[in-house]
Amino acid sequence: MNLYVLQVINGVGIGMIYFLLAVGLSIVFGLLRFVNFAHGAFYLLGAYACYQCLQWGMNFWVVLAVGPLIVGFSAWLVERLLLRRVYDMPHEFHILFTLGLAMAIQELVILTWGPVGVNVPPPDALKGVVMWGSFIYPKYRIFLIALTAVLAVLIWLLLERTKLGSIVRAGSESPEMVTLLSINVYKVFGLTFALGAATAGLAGVLAAPLRGVEPFMGIEALAIAFVVVVIGGMGSFSGALLGGLLVGIVQSVMSTLWPQGASLMIYIAMAMILLLRPDGLMGRRS
């Protein structure tokens, strides 16, 4: 099969991980107007939760559920005990506080697992490749694309067809209106923040067999998540999906055409889109 077709398919798989990573950040900002620089740290925790659970002999399929739950619960505790104290402060305090939180989580990871990265093997059922005529492709990557597509539909249903989703969408339009409807906004904030962190944790679990696990992966993930959110539009589910796919495909194809500039190209793509659409591809006009 043509090399560039394979790279596009690879880009779709990577882009769907970027979507999971970015959609939580987008939702949290849309509802809470909270700039969360600790989002990459939750991705890091998800990856290490996957590694540690496998070390304990847990089945990978169980880890897919347990990892995001661990990260989501941890984020809920952080939001309840710490973040509520800074919601009403200027955005500068949000940035400083969450940056400090991210650095603290990263150092705790280094103290617990060491500074050297480790490999995480895919489950036995997903090792090897699938061969359909001239099409040869790793089983795990096919699984990744299929699973993240299903998850995208489930997240869309959660946001569009449930009461929580209605509140989140209403809050992203007008947080003051949600308060006037006698809704416990702090409870909704906590659930939303935990959901956003859990999706980042799930992205970390899924990425672990692809790229391994190391203590500084959260920094890279945070940068990519912000690129995806800016390209797609802040607070937009469809924007996070479109932005994740665009970034993944650009990065994957450019790794063949110009390996040294693959990472650079995603920032160039972001700059070009911002010049044409300052609010992002699917963002609401400011």
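Preceding this paragraph is the structure being described.
Just so we're clear, the structure is a prediction, and the values are computed from it rather than from any experiment.

Section: the overall build of the chain
So, step 1. Along the backbone of the chain there are 11 helices and two strands.
So, step 2. Helices and strands in the chain line up, N terminus first, as α-α-α-α-β-β-α-α-α-α-α-α-α.
So, step 3. Against the globule reference of 19 Å for 286 residues, the chain gives a C-alpha radius of gyration of 19 Å, in line with a compact fold.
So, step 4. Each principal axis of the C-alpha atoms in the chain carries an extent, and together these give about 60 × 45 × 35 Å.
So, step 5. The burial tally for the chain puts 48% of its 286 residues in the buried class.

Remarks on helix α2 (residues 39–55)
Structurally, the α-helix is built with 3.6 residues per turn, so residues lying three or four positions apart point the same way.
So, step 1. Taking 1.5 Å of rise per residue, 17 residues should cover 24 Å, and α2 covers 25 Å from first to last C-alpha, within 8% of that figure.
So, step 2. Where α2 terminates, the next one or two residues include Gly57, which has phi positive at roughly 90 degrees.

Section: the packing of aromatic side chains
So, step 1. Applying the stated rule across the entire model yields 10 aromatic pairs.
So, step 2. For the pair Phe42 and Phe193, a centre-to-centre distance of 5.9 Å together with 85 degrees between the ring planes defines the contact as edge-to-face. Here Phe193 lies in helix α8 (residues 185–211) and Phe42 lies in helix α2, a separation of 151 residues in the sequence.
So, step 3. Between Phe73 and Trp76, the aromatic rings sit 6.0 Å apart at their centres with planes inclined by 25 degrees, giving stacked as the arrangement. Separated by three residues within a single helix, Phe73 and Trp76 lie in helix α3 (residues 60–81), roughly one turn from each other.
So, step 4. A network of ring pairs unites the aromatic residues Phe60, Trp61, Tyr140 and Phe143 as a single cluster.

Considerations on the nonpolar core
So, step 1. Residues Phe19, Leu20, Phe42, Tyr43, Leu206 and Val247 are the most contacted members of the largest nonpolar core, which totals 73 residues.
So, step 2. In terms of residues, this core owes the most to one element, helix α1 (residues 3–32), which gives 11 residues.
So, step 3. Ignoring anything within four residues of it in the chain, the contact list for Leu20 reads Thr148, Leu151, Ile155, Thr199, Ala200, Leu202, Ala203 and Leu206.

Quick notes on the rules
- Residues numbered from 1 in each chain as written.
- Predicted model: local features only at pLDDT ≥ 70, side-chain atom pairs only at ≥ 80, totals over all residues.
- Heavy atoms only, no water.
- Helix = DSSP H or I, 4+ residues; strand = E, 2+ residues; numbered from the N terminus.
- Rg over C-alpha atoms; globule rule 2.2 N^0.38 Å.
- Buried < 20%, exposed > 50% of the residue type's maximum accessible area, 1.4 Å probe, protein only.
- Expected span 1.5 Å × (residues − 1).
- Phe/Tyr/Trp six-rings, centres within 6.5 Å; stacked < 30°, edge-to-face > 60°.
- Core = buried A, V, L, I, M, F, W, Y, C linked by side-chain atoms within 4.5 Å.
- Contact = heavy atoms within 4.5 Å.

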